[in-house]
Amino acid sequence: MLFSVLMRKYSSKFQLGLYCSRLLASLSKAKELGLMRELSYLHLGDNLLTGPIPPSLGNLSKLSFLELTNNSLSGSVPGTLGNNAALNSLRLTFNNLNGNLEFLTPLSNCVQLQVLHLDSNSFTGRLPDHVGNLSAQLLQFTVSYNKLTGGLPSSLFNLSSLDMIYLSNYKLTGAIPESITGLQNLAQLHVSYNDISGPIPTQIGKLRNLPMLYLDGNKLAGSIPDSIGNLSMLEYVFLPMNQFINIPHIPASLFQLDKVIYVDLSNNFFSGPLSSDVSALKQVYIFDLSFNFLFGSIPESFGKLSMLTSLNLSHNSFEDSIPVSFSELSSLQWLDLSSNNLSGTIPMFLANFTPLKTLNLSFNNLEGKIPEGGVFSNISLQSLIGNVGLCSLPRLGFFPCHEKRPHSNTTHFLRFMLPAVTIAFGCVILFIFQSIRKKLKSKRKVEDNVIDPGNVMWNGPLSYHELVLATDNFSNNNLLGTGSFGKVYKGQLSTGLVVAIKVLDVQQELATRTFDAECCTLRMARHRNLIKILNVCSNLEFRALVFPYMPNGSLEMLIHSEGREHLVFLKRLDILLDVSMAMGYLHHEHHEVVLHRDLKPSNVLFDADMVAHCKHAWNTWYGTYGKASRKSDVFSYGIMLLEVLTGKRPTDPMFVGDLSIRKWVRQAFPTELDSVVDDQLLLGASSSACHVNNFLSPIFEVGLLCSSDSPDRRMLMKDVTVALKKVRKDCTESTSATAQSAVL
């Protein structure tokens with residue numbers, strides 16, 4: 001009825017715009033619109049229109065602008081729109097349109113078409129080859145956030161006038177055709193979050209007018225071509241979360257682009273040292289190289305980047321001290337250098353940076369006094385933890401600094417003796433190293449470049465031949481376990497490092513996808529209590545992940561073995577704390593929510609020092625799917641906590657009918673917990689010293705809350721850690737008080 005009135009009122013008009021009017025109607029009933037033969041401009045975006053697009057719109061021979069974005073339109077796009085020979089702009093984004101893209105064939109009749117926006121719908125099928133038949137005047141083509149599959153048709157890049165291509169967030173596969181380099185007017189290239197593989201086109205430098213390059217979240221491999229240095233207009237470089245493995249160095253030419261303002265190369269496998277000169281990036285304000293395998297010194301030339309507000313070099317293997325040149329970064333607001341091998345002291349000038357709001361220096365080899373003032377006034381322990389040589393800041397648990405001046409005789413003695421001792425010690429180490437190397441050569445053939453056992457990624461991915469040698473040709477004697485997607489072997493690399501090698505069954509498509517997902521997840525998630533990925537081996541016929549070998553078995557083995565008497569109360573509490581901190585990191589501290597989905601005692605392993613490490617499951621995945629998904633991990637943690645404290649598996653034969661381990665504990669909580677707690681937990685002097693019975697109730701309460709049937713009642717993992725730390729602290733203080741009383 002509404003459109004009938006409009007047609008009678010505006011039938012002789014050239015334009016009709018009813019956007020943001022919150023129209024609630026079925027567009028399919030608006031057949032009268034097709035009678036407005038003089039209409040050239042129709043804007044019905046940002047309303048509540050439903051139903052399919054009426055084919056009668058194809059009767060509007062003078063229509064040049066059609067805007068239907070942000071409605072609830074459904075059905076397929078009628079091919080009759082191709083009858084609108086004058087059509088210049090067609091915008092259909094943010095609807096529920098579906099079907100394939102065959103309507104692009106009749107749209108090729110619209111020879112004046114310059115703008116075609118199809119984003120955020122439910123289109124399926126492939127991007128057809130005949131997309132190249134669209135108007136030669138087409139400037140903008142966007143079809144992101146749909147359900148399309150298949151590769152990029154090379155014909156798309158015949159549309160030489162294109163300056164904007166948005167093909168992000170669906171399942172594009174295959175490589176980026178070299179023919180893309182013919183789009184000399186291209187200003188925006190967005191193909192993020194697909195399954196695009198292969199290398200970046202070697203001649204990408206021909207896109208000299210390109211300011212925006214978004215290739216993040218794909219499976220790009222090989223190297224970044226040197227020709228990227230020819231993109232003189234480039235401002236945004238987004239390449240994170242790819243698989244640059246084979247030739248992983250970052251080309252120096254990338255750091256010579258003087259118009260770049262945002263660089264993100266994080267979450268890849270780049271290795272080697274950085275170019276010593278990055279000073280040409282004089283306009284860059286965000287620089288992210290985190291979660292790679294870069295090493296060497298941080299270039300002093302970073303100090304020339306006066307516009308820099310955010311610098312993230314975390315989770316690499318950078319060495320030496322924090323550059324003095326950083327004192328010139330007067331605009332810096334966010335600095336993350338965590339999880340590297342940096343040494344020396346924390347520069348005092350960092351405390352004088354007025355704009356600096358966030359600083360993370362954790363897990364390095366820094367030492368000496370922690371500066372005071374500025375960002376250090378409110379800094380947290382998490383930002384400094386993992387540097388055992390730091391002192392000051394007692395509020396965070398660091399020891400006070402005690403500076404002592406060496407006696408002059410001592411100084412004189414050290415001046416002459418230390419060099420001699422150092423040389424002698426170095427000779428001994430060199431002799432031992434050469435002896436070990438000779439022994440290894442007698443056992444197997446060793447490559448000239450020996451990989452550092454502390455970081456087996458330094459010399460790039462391991463070869464298949466190396467893994468064959470490490471496992472004695474994947475001998476059953478080295479088999480640690482078999483799963484749904486492959487096998488795990490114990491192996492010894494040419495460095496002498498003992499590792500666990502997970503070999504996937506490449507015949508299974510799901511296993512191959514799992515490899516990619518697990519590789520991506522593990523290289524981004526690094527925490528003391530998570531098993532980290534050391535290296536990969538990947539080719540068309542073989543895929544494997546290399547992890548540190550965990551010699552002390554699993555939590556399941558320890559809980560349910562006959563000799564578990566050493567698992568006293570405090571040890572079990574520490575294990576539960578380790579696991580909660582790992583899960584808290586995945587849920588709350590990682591830059592994306594990481595879900596485990598298979599947390600159980602068999603996936604908690606112990607290193608040589610009996611530190612617990614969570615093993616990622618085969619079906620580990622990550623994404624921001626909200627509170628409910630995190631809560632499922634919390635439920636698993638709660639059940640595991642009850643299993644650790646009771647010594648009973650959730651599948652124990654005693655749990656029949658509606659009786660579960662949770663219900664069994666719930667019935668005993670809080671006054672009869674002695675009847676459900678594992679008797680082995682109470683053994684040991686340390687257990688009785690802190691009066692374990694006083695601390696069982698709050699821990700069991702955590703387990704019961706986490707395993708609640710209602711997800712809304714379950715705790716957050718970060719709150720679990722806080723609760724368990726309080727119990728640990730109270731128990732320790734109780735132990736100390738008991739000991740002091742005994743002395744008195």
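Predicted, not measured: the structure shown is a model, and the values here were computed from it.

Cut-offs and rules
Residues numbered from 1 in each chain as written. Predicted model: local features only at pLDDT ≥ 70, side-chain atom pairs only at ≥ 80, totals over all residues. Heavy atoms only, no water. Helix = DSSP H or I, 4+ residues; strand = E, 2+ residues; numbered from the N terminus. Buried < 20%, exposed > 50% of the residue type's maximum accessible area, 1.4 Å probe, protein only. Contact = heavy atoms within 4.5 Å. Areas by Shrake-Rupley, 256 points an atom, 1.4 Å probe, with all protein chains shown as cover. Pairing = 2+ DSSP bridges. Salt bridge = Lys/Arg side-chain N within 4 Å of Asp/Glu carboxyl O. pLDDT = per-residue confidence, 0-100. Disulfide = S-S within 2.5 Å. Expected span 1.5 Å × (residues − 1). Phe/Tyr/Trp six-rings, centres within 6.5 Å; stacked < 30°, edge-to-face > 60°.

Notes on the overall build of the chain
Reasoning step 1: Along the chain, the regular secondary structure elements total twelve helices and 38 strands.
Reasoning step 2: Expressed as a percentage of the 744 residues in the chain, the buried residues total 51%.
Reasoning step 3: When contacts within the chain are restricted to residue pairs at least 6 apart in sequence, long-range pairs at least 24 apart make up 59% of them.
Reasoning step 4: For the chain, the exposed surface amounts to about 33500 Å²; the carbon and sulfur share of it is 54%.

A few points about the sheet that holds strand β11 (residues 147-151)
Reasoning step 1: Overall, parallel pairing links the six strands, which are arranged β3-β5-β7-β9-β11-β13 in an open sheet. Both outer strands of the open sheet, β3 (50-51) and β13 (171-173), are each paired with one neighbouring strand and no more.

Quick notes on the pattern of salt bridges
Reasoning step 1: Using the criterion set out here, one finds ten salt bridges in the structure.
Reasoning step 2: Put simply, Asp678 and Arg572 hold a salt bridge, and the shortest N to O gap is 3.0 Å. With a gap of 106 residues between them, Asp678 in the loop between α9 (661-668) and α10 (685-689) and Arg572 in helix α7 (residues 569-589) connect regions that are remote in the sequence. In this structure, Asp678 and Arg572 share a single accessibility class: buried.

Concerning the environment of Gly150
Reasoning step 1: Mapped onto the fold, Gly150 is located in strand β11.
Reasoning step 2: Those residues in contact with Gly150 that sit more than four places away from it in its chain are Arg126, Lys171, Leu172 and Thr173.

As for the confidence of the model for the chain
Reasoning step 1: Counting all residues, the mean pLDDT for the chain is 80, and 78% of those residues have values of 70 or more.
Reasoning step 2: In this model residues 403-459 is a low-confidence stretch, pLDDT under 50, and it forms 46 contacts with partners more than four residues away in sequence or in other chains.
Reasoning step 3: For the stretch residues 685-689, pLDDT sits under 50, and the model shows ten contacts to residues farther than four places along the chain or on other chains.

Some words on the state of the cysteines
Reasoning step 1: Following the criterion strictly, the structure yields one disulfide and no others.
Reasoning step 2: Between the sulfur atoms of Cys391 and its disulfide partner Cys401 the distance amounts to 1.9 Å. Taking the sign of the torsion about the S-S bond as the criterion, the disulfide between Cys391 and Cys401, at about 95°, is right-handed. With a gap of ten residues between them, Cys391 in strand β29 (residues 389-391) and Cys401 in the loop between β29 and α3 (408-443) connect regions that are remote in the sequence.

Quick word on the pairing of β11
Reasoning step 1: Two strands pair when backbone bridges link them, and strand β9 (residues 122-126) and β11 are joined in this way by three bridges, in the parallel orientation. Paired with Thr124 across the strands is Lys147, a residue of β11.
Reasoning step 2: As defined by bridge partners, β11 adjoins β13 across three bridges and the pair is classed as parallel. Pairing of Gly151 across the sheet is with Thr173, part of β13.

What about α7?
Reasoning step 1: The end-to-end C-alpha distance of α7 is 28 Å, a good match for the 30 Å that 21 residues give at a rise of 1.5 Å each.
Reasoning step 2: Burial runs high along α7: 16 of the 21 residues are buried.

Comments concerning the pairing of strand β28 (residues 365-369)
Reasoning step 1: Pairing geometry for strand β26 (residues 343-344) and β28, over two bridges, is parallel. Note on β28: the bridge partner recorded for Gly344 is Leu366.

Focus: the packing of aromatic side chains
Reasoning step 1: This structure, assessed with the given rule, holds 14 aromatic pairs.
Reasoning step 2: Consider the rings of Tyr41 and Phe65, whose centres lie 4.5 Å apart with planes at 10°: the pair is stacked. Taken together, the residues Tyr41 in strand β2 (residues 41-43) and Phe65 in strand β4 (residues 65-67) connect sequence positions 24 residues apart.
Reasoning step 3: The class of Phe65 is buried, set by a relative accessible area of 15%.

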